[in-house]
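Results of the structural survey
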Amino acid sequence: MADSLTPRQAQRRITQLVNYEDGLWDILLGLVFLALSVFPVTRALLGPAWNMVLFLALLTALIVALTAVRRGVSTPRLGRARMRWTPQKAIVIGLLVVTFLATLGLVILTLRFPQRFSGLVTSILPPWAGDLFVDGLMAAVVVVVFSVMGYAFGVARLFLYGWLIGLGNLASTALTLYAGVVFNLPLAVASIVILAIGAVLLARFLRKYPADGAPEAQE
Amino acid sequence: MTAAKVDRAGPRAVAAVDRIIHEPARLMILTYLSSLEEADYLFLTRATGLTWGNLSSHLSKLEAAGYVEITKRFLNKKPNSLVRLTRSGRAAVRDYSRTMRQALTQIKG
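The following paragraphs examine the structure supplied in this document. (Residues numbered from 1 in each chain as written. Chains lettered and ligands numbered in written order. Predicted model: local features only at pLDDT ≥ 70, side-chain atom pairs only at ≥ 80, totals over all residues. Heavy atoms only, no water.)

**Considerations on the overall build of chain A**
A count of helical and extended segments in chain A gives 9 helices and 1 strand. Residue burial in chain A is summarised as follows: out of 219 residues, 38% are buried. (Helix = DSSP H or I, 4+ residues; strand = E, 2+ residues; numbered from the N terminus. Buried < 20%, exposed > 50% of the residue type's maximum accessible area, 1.4 Å probe, protein only.)

**Considering the environment of Leu202(A)**
Residue and element names in this part refer to chain A. Inspection of the secondary structure assignment puts Leu202 in helix H9 (residues 185-208). Distance in space between the C-alpha atoms of Leu202 and Leu24 is 6.8 Å, their sequence separation being 178 residues. Among all residues touching Leu202, those that are not within four sequence positions of it are Asp22, Gly23, Leu24 and Ile27. (Contact = heavy atoms within 4.5 Å.)

**Comments concerning the interface of chain B and chain A**
Each partner contributes residues to the interface: chain B has 27 residues there, and chain A has 29 residues. Roughly 2600 Å² is buried in total at the junction of chain B and chain A, and carbon and sulfur atoms are behind 61% of that figure. By the criterion of area lost to chain A, the three top residues of chain B are Phe43(B), Arg46(B) and Trp52(B), representing 27% of everything that side buries. Scanning the region where chain B abuts chain A turns up 2 salt bridges. Here Arg80(A) ties to Asp40(B) by a salt bridge, and the two come within 3.9 Å at their closest N and O atoms. Looking at the side of chain B that touches chain A, the element that brings in the most residues is helix H3 (residues 24-34) of chain B, giving 6 residues. When strand S1 (residues 81-83) of chain A meets strand S1 (residues 36-40) of chain B, the two strands line up antiparallel, connected through 3 bridges. (Buried area = accessible area lost by both parts, 1.4 Å probe. Salt bridge = Lys/Arg side-chain N within 4 Å of Asp/Glu carboxyl O. Pairing = 2+ DSSP bridges.)

**Points about the layout of surface pockets**
Residues and elements named next belong to chain A. Roughly 420 Å³ of internal volume is contained in the second largest pocket. Lining the second largest pocket are 19 residues; nearest its centre among them are Val18, Arg70, Thr75, Gly79 and Ala81. For the lining of the second largest pocket, the secondary-structure elements that each account for two or more residues are helix H1 (7-20), helix H3 (48-78) and S1. If one sorts the elements of the lining of the second largest pocket by residue count, H3 sits on top with 7 residues. (1 Å grid on protein atoms, 1.4 Å probe; cavity = no way out; pocket = protein on both sides within 12 Å on 5 of 7 lines; lining within 4 Å. Points joined across faces, edges and corners; volume = space filled by probe spheres on them.)

**As for the environment of Ile63(A)**
Within the fold, Ile63(A) resides in helix H3. A relative accessible area of 42% means that Ile63(A) is categorised as partly exposed.

**Side note on the nonpolar core**
Ranked by internal contacts, the top residues of the largest apolar core, which has 38 residues, are Leu59(B), Val68(B) and Val83(B). Looking at which element gives the most residues to this core, the answer is H3(B), with 7 residues. Residues in contact with Leu59(B), not counting those within four places in the same chain, are Ile29(B), Tyr41(B), Leu44(B), Val68(B), Ile70(B) and Val83(B). Counting residues in hydrophobic clusters, the runner-up holds 18 residues, among them Tyr20(A), Trp25(A), Phe146(A) and Ile165(A). (Core = buried A, V, L, I, M, F, W, Y, C linked by side-chain atoms within 4.5 Å.)

Okay, structure coming up:
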């Protein structure tokens, strides 16, 4: 029992309980990527500006809903805990933020100077690789970011999510470029898999942790 | 017990470790609390797997030793107790960890 519990294991267990045990984070992730898979369709209907407004409003609503559901459903079943800010945690989060910002910067540069970037890439790589270079790079970053999170927080399914989202996005771009499919079907399938895992985890959580598990009066 | 004392006394010094912390369930509670700012009783039962009564009894001992601080309050008209490691509790866990590590190193040779 306690003789095999290291501080690192304790930290991982706390992170799992606080963030991943109830499956709500998975459901949020699934819904966000499901919205992104419909993004090109709504952009064609609404135009880029209104589409972005719609997406940001949806994202805000989902985050607010997640917070409210977590407060109303998870906290009474799991209890309250505030994690301590440790140097290791700061390093992991810092690395994730830097990786995300570097990718975002690269994507913005590519979109801002498409000719220069496309010329540079196709001079080195074959044309099809040039078409998919940015999405391939993004897929690699997504896999790396999710893998780092999975390893650091001890949540194995995040490795799967990285591959699902990364490859789903890449396949969606390939379908759009070469088959003219507007709807991001592979990304939608990946999102539905993540949503299903989240739903199963939530059902298991509700069964495993009853709401009346706090006999404070007995203290 | 300090690390210097362990060096002098060798592995026999393990017998003099802090008995309050040395009990497996209390060590587990303190290990969890070391990673937390604070947590309530319910969270600690979920994390440790201890029963309510068992946890309560161990926390009382830790509170009596000055290693944890328990704040009782009401949330939505229900009693809720928050537990946090005190400064001396954190130092005691650190000392215990160092003492045990050195003693085990000496035992292994």
